[in-house]
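Summary of the model geometry
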Amino acid sequence: MLWDFPEPAPDAPGDEISVPDRTLIRAIPENPMIQSQRSALIVGASRGLGLGLVETFLKRGWRVTATQRTPSPDLARLASDALRIETADIDDDAGVAALHDRLAAQHFDLIFVVAGVATQAHEPLHAVPRAVAAQVYLTNAISPIRFAEAFLDRLAPGGSIALMSSILGSVSLNQDGGWENYRASKAALNTLARSFEIRHRAENVSVLILHPGWVRTEMGGAEADIDVATSVTGLADVIAAQLGRPGAHYLDYRGQILAW
Ligand SMILES: NC(=O)c1ccc[n+]([C@@H]2O[C@H](COP(=O)([O-])OP(=O)(O)OC[C@H]3O[C@@H](n4cnc5c(N)ncnc54)[C@H](OP(=O)(O)O)[C@@H]3O)[C@@H](O)[C@H]2O)c1
């Protein structure tokens, strides 16, 4: 059935890792020939989760290209031969095209669009000016998919496109309301991500739609459940286990499958 995303076949390679709920993640064994140094493009890495992901993948031996909108001192502090820092705004198609040109020689095992905004997220929809509401939708839903489309030719075989969604993007899990416009923007991202995957299904594209948990960042606030390190460690583990898995998979940072 079109909407079923089955677990990996029983004879798929790798060790089973049990995680809570319904998920069964298979760790993909390292192949030194093709996985000696993996590479990631992390988009929206000036601070918060993007910055934490850059740090985590560098520690795990990946080469990382990280993007910022304006110079980020925190990102600059991670400087190493394995890190390339680029500048791009995902809402700027010409800027994204220029980035694509600058990275012409590169292919990435992971292209992860982390960037997102939560402008006036606490206001009910009718209290948010139309232009503000539309901009949240553009940045959180339209721009990530346009970025994925623009960079799909830079995805290495066996790699994944990852998109930073949220559990708030789940329509069926919305029991409490709140964060109305932000929630809708992430639901739109989820829908567009599934359509993106379906459109590219013949190419076996792998799309990971990820919820990082409720995390103590500028967006998540000081009262959030978990710190950045816990979230990005979990996300990196989930990505390592799911890398290249065809289909569209909506998962949280512990590997749990989320309802759409
Ligand atoms: N924190 C949470 O609890 C939580 C929960 C669920 C989902 N998320 C999602 O996780 C992602 C990261 O959130 P965060 O908590 O790390 O938020 P954050 O600390 O506010 O960081 C947001 C990041 O997105 C970048 N960004 C925003 N608009 C951009 C644009 N148009 N082009 C390029 N970069 C842009 C920001 O760059 P600048 O520094 O230039 O502004 C910054 O690097 C977001 O997609 C968010 O929706 C977060």
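That block above? That's the structure.
Residues numbered from 1 in each chain as written. Predicted model: local features only at pLDDT ≥ 70, side-chain atom pairs only at ≥ 80, totals over all residues.

What follows covers the overall build of the protein. When helices and strands are tallied, the protein shows 7 helices and 9 strands. Of all intrachain contacts in the protein linking residues separated by at least 6 positions in sequence, the fraction that spans at least 24 positions is 64%. (Helix = DSSP H or I, 4+ residues; strand = E, 2+ residues; numbered from the N terminus. Contact = placed C-beta atoms within 7 Å.)

Next up on the list: helix α2 (residues 48–59). Compared with an ideal rise of 1.5 Å per residue, which puts 12 residues at 16 Å, α2 spans 17 Å between its outermost C-alpha atoms and is within 8% of the ideal. With 10 of 12 residues buried, α2 lies mostly within the body of the structure. By the burial criterion, the buried members of α2 are G48, L49, G50, L51, G52, L53, V54, E55, T56 and F57. Within two residues after α2, G61 carries a phi angle of roughly 90°, on the positive side. (Expected span 1.5 Å × (residues − 1). Buried ≥ 20, exposed ≤ 12 C-beta atoms within 10 Å, placed from the backbone.)

Packing of helix α5 (residues 130–151) against helix α6 (residues 180–199) leaves a shortest axis separation of 9 Å and a crossing angle of 20°. One way to sum up the angle between α5 and α6 is to call them roughly parallel. The handedness of the crossing between α5 and α6 is right-handed. For the pair formed by α5 and α6, the contact residues are A133, V136, Y137, N140, A141, P144, I145 and A148 on the first element and N181, Y182, S185, K186, A188, L189, L192, A193 and F196 on the second. When the residues that make up the contact of α5 with α6 are grouped by side-chain class, the tally is 13 nonpolar, 3 polar and 1 charged. (Axes fitted to C-alpha atoms, helices over the stretch in contact; angles between N-to-C directions. Parallel < 35°, antiparallel > 145°, perpendicular 65-115°, else oblique. Left-handed = near helix turned anticlockwise from the far one by under 90°. Nonpolar A, V, L, I, M, F, W, Y, C, P; charged D, E, K, R; others polar.)

As a further point, take the environment of I42. Take I42: it is sitting in strand β3 (residues 39–43). Remark: the alpha-carbon pair of I42 and Q68, spanning 26 residues in sequence, is separated by 9.4 Å. Excluding residues that lie within four positions of it along the chain, I42 makes contacts with G50, L53, V54, V64, A66, F112 and V114.

Attention shifts here to the site of the ligand. Taken together, 27 residues are adjacent to the ligand, and G48, A115, G116, T217 and G220 come closest. Residue classes in the shell around the ligand are distributed as 11 nonpolar, 11 polar and 5 charged. (Near = placed C-beta within 6 Å.)

Okay, the packing of helix α4 (residues 93–102) against α5 next. Orientation of α4 relative to α5, taken along the N-to-C sense of each, is 30°, at an axis distance of 10 Å. Considered as vectors, α4 and α5 are oriented roughly parallel to each other. The hand of the α4/α5 crossing is right-handed. Residue-level inspection shows D93, V96, A97 and H100 of α4 in contact with α5, the latter providing R146, F147, A150 and F151.

Turning next to unusual backbone geometry. Residues other than glycine seldom take positive phi values, yet Q120 does so here, at roughly 50°. The phi dihedral of W179 falls on the positive side, at around 45°, and the residue is not glycine. You can see W179 is positioned in the loop between β7 (155–164) and α6.

Moving on to the environment of P71. Checked against the element boundaries, P71 lands in the loop between β4 (63–68) and α3 (73–76). Overall, P71 belongs to the exposed group, with 10 C-beta atoms counted inside 10 Å. Between the C-alpha atom of P71 and that of T87, which follows or precedes it by 16 residues, the distance is 7.9 Å.

For the rest of this paragraph, the subject is helix α7 (residues 228–242). When the terminal C-alpha atoms of α7 are compared, their 21 Å separation across 15 residues agrees well with the 21 Å that a helix rising 1.5 Å per residue should span. Of the positions making up α7, those classed as buried are V228, S231, V232, G234, L235, A236, V238, I239, A241 and Q242. Of the residues trailing α7, G244 is marked for its positive phi of about 85°.

The next thing to look at is the sheet that holds strand β8 (residues 206–211). One open sheet accounts for 7 strands, arranged β5-β4-β3-β6-β7-β8-β9; its pairing is parallel. The open sheet terminates on both sides in strands that have one partner only, identified here as β5 (83–87) and β9 (247–252). The average angle at which neighbouring strand axes cross in this sheet is 20°, direction not considered. Where α7 meets the sheet, it contacts β6 (108–113), β7, β8 and β9, and its direction lies at approximately 160° from that of β8. (Pairing = 2+ DSSP bridges.)

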